[in-house]
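Survey of secondary and tertiary structure
Spelled out from the first residue to the last, the chains are:
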Amino acid sequence: MPMNEKSAIEIRSLSVTYRGGGAEARETRAVRDCSFSVGKGDVVGLAGESGCGKTSVLMAIPRLLPAGTLVSGQIFCGGEELTALGEEELNTRRWRRVALVPQGAMNSFTPHLSIERHITEVLERHMNMPGRERREYAAELLRTVGLESTFLTRYPHELSGGQKQRAALAAALACKPDFLLADEPTTALDVITQKEVLDMIVSLARGRGMGLLLVTHDLPLAAGICDALIVMKDGEILESGPSRDVINSPKNEYTRRLIQAIRVMDGGEGQ
Amino acid sequence: MNAFLKRVGGSIAVLAVVLALNFFIFRIMPGDPLTGIMDPRFSPEAKQQLAEQWGLDKPMAEQFVVYIKEMLSFRFGLSMMTGQPVWDELRSRAANTAALLFPALLLSAALGIWLGVKAALNRGSKTERLVLTSGAVSFSFPSFFVQLLLLLCFAYLWPLFPLRGTSSVPPPAGGVKAFFDYLWHLTLPLFSLVFLSFGGWALYVRNMMVKALGEDYVLMARARGLSHRRVVWNHAFRSILPPVLTLLLLALPGVVSGAVITETVFSLHGAGRFLLEAINSHDYPSAGAAFFLLALLTVGCNLLADLLYVLVDPRVRREGAH
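Being a predicted model, the structure only gives us computed values, none of them experimental.

Structural notes on the overall build of chain A
Helix and strand counts for chain A stand at nine helices and 10 strands. Expected size for 271 residues packed as a compact globule is a radius of gyration near 18 Å; at 19 Å, chain A falls within 12% of this value. By principal-axis analysis of the C-alpha atoms, chain A measures approximately 55 × 45 × 45 Å. Burial analysis of chain A (271 residues in total) assigns 46% to the buried set. A sequence separation of at least 24 residues applies to 65% of the contacts in chain A between residues at least 6 apart.

Observations concerning the interface of chain B and chain A
Often, the extent of an interface is quoted as the loss of accessible area on bringing the components together. At the interface, 20 residues of chain B touch 23 residues of chain A. The set of elements that each furnish at least two residues to the side of chain B that touches chain A consists of helix 9 (216–223), helix 10 (228–265) and helix 13 (314–317) of chain B. It is helix 9 of chain B that provides the largest number of residues to the side of chain B that touches chain A, a total of seven residues. Of the residues in the side of chain B that touches chain A, the class split is eight nonpolar, four polar and eight charged.

Regarding the sheet that holds strand 8 (residues 211–216) of chain A
Residues and elements named next belong to chain A. Pairing in this open sheet of six strands is mixed, and the strands run 6-7-8-3-9-10 from one edge to the other. Edge positions in the open sheet fall to strand 6 (98–101) and strand 10 (236–242), since each of these has one partner strand only. Strand-to-strand twist across the sheet, computed as the mean angle between neighbouring axes with direction ignored, equals 20°. Sheet topology note: the strand 6/strand 7 (residues 179–183) ladder contains four bridges and is parallel. Paired with Val101 across the two strands is Ala182, which belongs to strand 7. Across the sheet, helix 5 (residues 161–173) touches strand 6 and strand 7, and the angle it forms with strand 6 is around 180°.

Points about the pairing of strand 9 (residues 228–233) of chain A
All names here are of chain A. Extensive coverage of strand 9 is indicated by the burial of five of its six residues. Looking at chain direction, strand 3 (residues 43–47) and strand 9 are connected through four bridges and run parallel. When the sheet's bridge partners are listed, Ala47 is paired in strand 9 with Val231. Judged from the six bridges that link them, strand 9 and strand 10 form a sheet pairing that is antiparallel. Across the sheet, the residue bridging to Ala228 is Pro242, located in strand 10. Linking strand 9 to strand 10, which pair antiparallel, is a turn of two residues; within it Asp234 sits at a positive phi near 50°.

Observations concerning the sheet that holds strand 1 (residues 7–19) of chain A
Residue and element names in this part refer to chain A. In spatial order, the strands read 2-1-4-5; together these four strands make up an open sheet with antiparallel pairing. Each edge of the open sheet carries a strand with a single partner, namely strand 2 (27–39) and strand 5 (80–81). Note: strand 1 against strand 4 (residues 70–77), seven bridges, orientation antiparallel. By the bridge assignment, Glu10 is partnered in strand 4 with Phe76.

What about the packing of helix 11 (residues 271–280) of chain B against helix 12 (residues 284–312) of chain B?
Residues and elements named next belong to chain B. At a minimum axis distance of 8 Å, the contact between helix 11 and helix 12 shows a crossing angle of 135°. Taken together, the axis directions place helix 11 and helix 12 in an arrangement best described as oblique. Here helix 11 runs over helix 12; the crossing is left-handed. Between helix 11, through Ala271, Phe274, Leu275, Ala278 and Ile279, and helix 12, the contact on the second element is made entirely by Ser286, Ala287 and Ala290. When its residues are assigned to classes, the contact of helix 11 with helix 12 shows seven nonpolar, one polar and no charged.

Thoughts on the environment of A:Ala8
All names here are of chain A. In this structure, Ala8 sits in strand 1. Separated by 31 residues in sequence, Ala8 and Gly39 place their C-alpha atoms 5.0 Å apart. Setting aside its immediate chain neighbours within four residues, Ala8 contacts Val38, Gly39, Lys40, Asp178, Phe179, Met210 and Gly211.

Describing the packing of helix 3 (residues 115–127) of chain A against helix 4 (residues 131–144) of chain A
Residue and element names in this part refer to chain A. It is at 9 Å that the axes of helix 3 and helix 4 come closest, and there the two elements cross at 120°. It follows from the interaxial angle that helix 3 and helix 4 lie oblique. Relative to helix 4, the crossing made by helix 3 is right-handed. Contacts between helix 3 and helix 4 involve Glu116, Ile119, Thr120, Leu123 and Glu124 from the first element and Arg134, Arg135, Tyr137, Ala138 and Leu141 from the second. Residues of the contact of helix 3 with helix 4, tallied by class, amount to five nonpolar, one polar and four charged.

Section: unusual backbone geometry
Between B:Val169 and the following residue, B:Pro170, the backbone shows a cis peptide bond with an omega angle of -5°. Relative to the helices and strands, B:Pro170 is located in the loop between helix 7 (143–157) and helix 8 (175–213). The phi angle at A:Ser13 is positive, at roughly 50°, despite the residue not being glycine. Structurally, the position occupied by A:Ser13 is in strand 1. A:Ser13 sits in the exposed class, given 11 other C-beta atoms within 10 Å. A positive phi angle, close to 50°, is found at B:Ser267, a residue other than glycine.

Conventions and cut-offs
Residues numbered from 1 in each chain as written. Chains lettered and ligands numbered in written order. Predicted model: local features only at pLDDT ≥ 70, side-chain atom pairs only at ≥ 80, totals over all residues. Helix = DSSP H or I, 4+ residues; strand = E, 2+ residues; numbered from the N terminus. Rg over C-alpha atoms; globule rule 2.2 N^0.38 Å. Buried ≥ 20, exposed ≤ 12 C-beta atoms within 10 Å, placed from the backbone. Contact = placed C-beta atoms within 7 Å. Nonpolar A, V, L, I, M, F, W, Y, C, P; charged D, E, K, R; others polar. Pairing = 2+ DSSP bridges. Axes fitted to C-alpha atoms, helices over the stretch in contact; angles between N-to-C directions. Parallel < 35°, antiparallel > 145°, perpendicular 65-115°, else oblique. Left-handed = near helix turned anticlockwise from the far one by under 90°.

See the structure below:
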């Protein structure tokens, strides 16, 4: 069955099983039969405790899981089935169809390459853009995320955490992807910068009609900015729906306990 | 810049110590140079005359001053073994040493790096096991053993290559024939050096690459849809390039010192063998000059490695900006 035209991404019956090395060859099923879709311009939060499988779902989309990992199910994006593509074909779709804003951009930039090179090498690879245009476009992207064009010549170690995360967002927007994955993009940032960066990611994704999947363990934070929420536990989707419904009238006991625990931690029980 | 100037100052201090040790070590070694170069039946007067000719009759302090002046002005005087200028002796041999050692260093580094990268990319595969095993074998065998074994197999039992020297006797007529004859003579020593050195490179680069390939920025380079070649070489390997280049430069003096064994086993007319002969015959000017040049090479390579590190690693290059 083809994907819904209004969807930026559609995931059907996704399962991920990690295979351990050694003689025992232990298998760990990290994701079980997950299905969901994200509409164009929609922001969906994927929440759950650590180890629930949310990062596995995210990394399975551009097929970046460790070698040997078993993945089954179907993933549709930009009108085609990514899971049906060979590695070489899929590689040409990465960043054009699906781009990623990583968890803590601290180590996501190659240390010896300038910010300009990080952006222009994807333009060279995917957009076939001439050299001078690439530089101008990279400067424009930096301005979009609130960084001056002088940051082009800087190296990753010369940027603060917030600046790196903004630069990572600029790089992710470079090839105008259909879908943006954000893996806890504000981890290790201070509270004010967290809000700034998150608001920027969300508004840029909405403004450009991209689907955005925001992976987070912070349910109230996700509820504040996402159109819909998906709650995962032990590799399975427990609950999904509009953010307000999930937060105000959770159907699942685990979701209820999760929300309550966060409210207690925030000192806001009963609010 | 200040740090680099400090390194230059330190290097000069090291050279000064090497210069002084060069002078005293040879003179406190048992034996003396005159016994080696004169007939035992010569009279004591003749021995005294020779000592005067070489300046060995002067007080040690005076000899030291003359020695320092000669070394610093790069006028190394005459070889006690051959009576020829030390520079001429070194020059005639250095070409053979360089023709053997530079290709050996580059080939072994290139082969080791390539195998190390292949092994890191294919973890748990037969390729990795083969690289690890061959690397360990290459790394652990003593050079003279491998070289004698190669001579026994490929020059004596199965005479594909010559047993000794850098040219046939008589030398073949014609430039091209002489050139190929030269290459033929250097093949076995070159192969032995590459075999003995590639393992260290392969193991080192494999370990560094395994770590680099697991870095988040390599995963992100893959996520950006860059070609496999670009991810491996421009992102992962390029990140380990500074230590690899440093190692390459630091290996150079070691390889030159290692030439002593190789040139002796294969009877090559090279600077390494000359150094050994100079030590054995207490040829102070030759041994002093050879060790001084070796120390210069070591210190120069160290400084060059520091400079190169700054050039290839922006984190070091731009340190001053913060």
